[in-house]
Amino acid sequence: MNNEKLVVVVGGAGKLGRLIVKSALEHPGARVRVLVRDPSKPEVASLAGPRVELVAFDAVAASDAQRADAVRGAYAVVSALQGGPDVIVEAQLALLVAAKAAGARRFLPSDYSYDFFTLPVGINVNSDWRRTFAERAAAHASASFEVVHVLQGIFADRYVLGFLGLLDAERGVVRYWGDGTTPIDWTTWEDTARFAAAAALDEGSVPTRLHVA
């Protein structure tokens with residue numbers, strides 16, 4: 001790997017964003033530019049280091065010039081943004097366009113999910129937004145500019161298990177879909193971040209739909 005690869009991580013203030021930053025730094029020589037609304041937040045400031053640049057950036061309100069500056073010199077742009085369609089569709093698409101114009105190798109949107117491409121429209125609004133982004137982003141992809149959707153299944157941690165209602169530890173109840181034989185992929189936050197960082201920095205071609213678990 002080239003020792004001078006810059007990964008731009010937007011949405012680096014969140015749990016997954018911070019893990020992606022740390023995972024990218026495990027690759028020798030990689031540098032990271034972290035785009036966050038408030039670089040002074042303690043959890044963000046703690047990321048500062050010789051190979052980390054913290055930059056104030058509002059993905060929704062940014063101008064074209066600010067987006068161009070934010071991704072300048074990037075080998076890859078990785079999004080860990082969360083929000084509604086103004087963020088997941090419009091803001092990410094504007095950043096993708098800026099990344100391509102800046103000569104970036106690839107863009108990883110904030111998917112980190114089960115394979116929503118196979119989910120019927122209207123089942124899950126969050127999946128619908130991400131699929132809409134994917135459809136619009138595909139028009140910008142080329143042999144020299146990849147759009148990579150990281151599809152790792154469901155985060156295997158206690159919070160998500162509780163959030164989805166699959167596990168009720170107090171009552172000793174485990175819920176399931178269908179007849180209970182449907183396979184479900186589970187991946188930790190940390191491993192998902194490592195997969196994303198490796199995909200961002202890869203010198204070879206990376207699949208548009210990167211299935212990992």
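Remember, predicted model here, so these are calculated numbers, not experimental data.

A.B. asks: I'm lost on the overall build of the chain in this one. Help?
C.D. replies: Along the backbone of the chain there are seven helices and twelve strands. Taken over the C-alpha trace, the chain has a radius of gyration of 17 Å; the compact-globule value for 213 residues is 17 Å, and the two agree within 12%. Relative to its 213 residues, the chain shows a buried fraction of 45%. Within the chain, contacts between residues separated by at least 24 positions form 71% of all contacts whose residues are at least 6 apart in sequence. On the chain, roughly 10600 Å² of surface is accessible, and the fraction owed to carbon and sulfur atoms is 54%. For the chain, the separation between the mean place of its 22 positive charges and that of its 24 negative charges on side chains is 3 Å.

A.B. asks: Teacher, can you tell me more about the nonpolar core here?
C.D. replies: Among the nonpolar cores identified, the biggest contains 33 residues, and Val 9, Leu 16, Ile 20, Val 34, Val 78, Leu 108 and Tyr 112 are the most heavily contacted of them. Breaking this core down by element, the ones donating at least two residues are strand E1 (6–10), helix H1 (15–25), strand E2 (31–36), strand E4 (76–79) and helix H7 (189–201). Setting aside residues up to four positions removed in sequence, Val 9 forms contacts with Gly 17, Ile 20, Val 21, Val 32, Arg 33, Val 34, Leu 35 and Val 78. By size, the runner-up hydrophobic cluster in this structure holds 26 residues, among which are Phe 57, Ile 88, Leu 93 and Ala 104.

A.B. asks: Can you help me understand unusual backbone geometry in this one?
C.D. replies: What you tend to see is this: most non-glycine residues have negative phi, and most peptide bonds are trans. Within the chain, Tyr 112 stands out as a residue other than glycine whose phi angle is a positive 45°. With respect to the secondary-structure elements, Tyr 112 resides in the loop between strand E5 (106–108) and helix H5 (125–137).

A.B. asks: I keep staring at the pattern of salt bridges and nothing clicks. Help me out?
C.D. replies: Oppositely charged side chains can form a pair if their charged atoms are brought close together. Counted under the stated rule, the structure contains eleven salt bridges. Arg 136 serves as the salt-bridge partner of Glu 90, at 2.9 Å between the closest nitrogen and oxygen. With Glu 90 in helix H4 (residues 85–101) and Arg 136 in helix H5, this pair connects stretches of sequence that are 46 residues apart. Here Glu 90 falls in the partly exposed class, since its relative accessible area comes to 41%. Given the relative accessible area of 37%, Arg 136 is considered partly exposed.

A.B. asks: Would you mind showing me how to read the layout of surface pockets here?
C.D. replies: Empty space among the atoms becomes apparent when a probe as large as a water molecule is rolled across them. For the largest pocket, the calculated volume is near 1400 Å³. Lining the largest pocket are 50 residues, with Gln 82, Asp 111, Tyr 112, Arg 130 and Phe 155 sitting closest to its centre. Mapped onto the lining of the largest pocket, the elements with two or more residues apiece are H1, E2, H5, strand E8 (154–155) and helix H6 (158–164). Here the lining of the largest pocket is built from residues that sort into 25 nonpolar, 15 polar and ten charged.

A.B. asks: Mind showing me how you'd approach the side chain of Gln 152 here?
C.D. replies: Assignment of secondary structure puts Gln 152 in the loop between strand E7 (149–151) and E8. Of note is the side chain of Gln 152, whose polar atom sits 3.2 Å from the backbone oxygen of Tyr 112. When residues no more than four places from it in sequence are discounted, the contact partners of Gln 152 are Tyr 112, Ser 113, Asp 185, Trp 186, Thr 187, Thr 192, Val 212 and Ala 213.

Basis of the calculations
- Residues numbered from 1 in each chain as written.
- Predicted model: local features only at pLDDT ≥ 70, side-chain atom pairs only at ≥ 80, totals over all residues.
- Heavy atoms only, no water.
- Helix = DSSP H or I, 4+ residues; strand = E, 2+ residues; numbered from the N terminus.
- Rg over C-alpha atoms; globule rule 2.2 N^0.38 Å.
- Buried < 20%, exposed > 50% of the residue type's maximum accessible area, 1.4 Å probe, protein only.
- Contact = heavy atoms within 4.5 Å.
- Areas by Shrake-Rupley, 256 points an atom, 1.4 Å probe, with all protein chains shown as cover.
- Lys, Arg positive; Asp, Glu negative; His and termini not counted.
- Charge placed at Lys NZ, Arg CZ, Asp CG, Glu CD.
- Core = buried A, V, L, I, M, F, W, Y, C linked by side-chain atoms within 4.5 Å.
- Salt bridge = Lys/Arg side-chain N within 4 Å of Asp/Glu carboxyl O.
- 1 Å grid on protein atoms, 1.4 Å probe; cavity = no way out; pocket = protein on both sides within 12 Å on 5 of 7 lines; lining within 4 Å.
- Points joined across faces, edges and corners; volume = space filled by probe spheres on them.
- Nonpolar A, V, L, I, M, F, W, Y, C, P; charged D, E, K, R; others polar.
- Polar contact = N/O pair within 3.5 Å; in protein donor to acceptor, adjacent residues only side chain to side chain.

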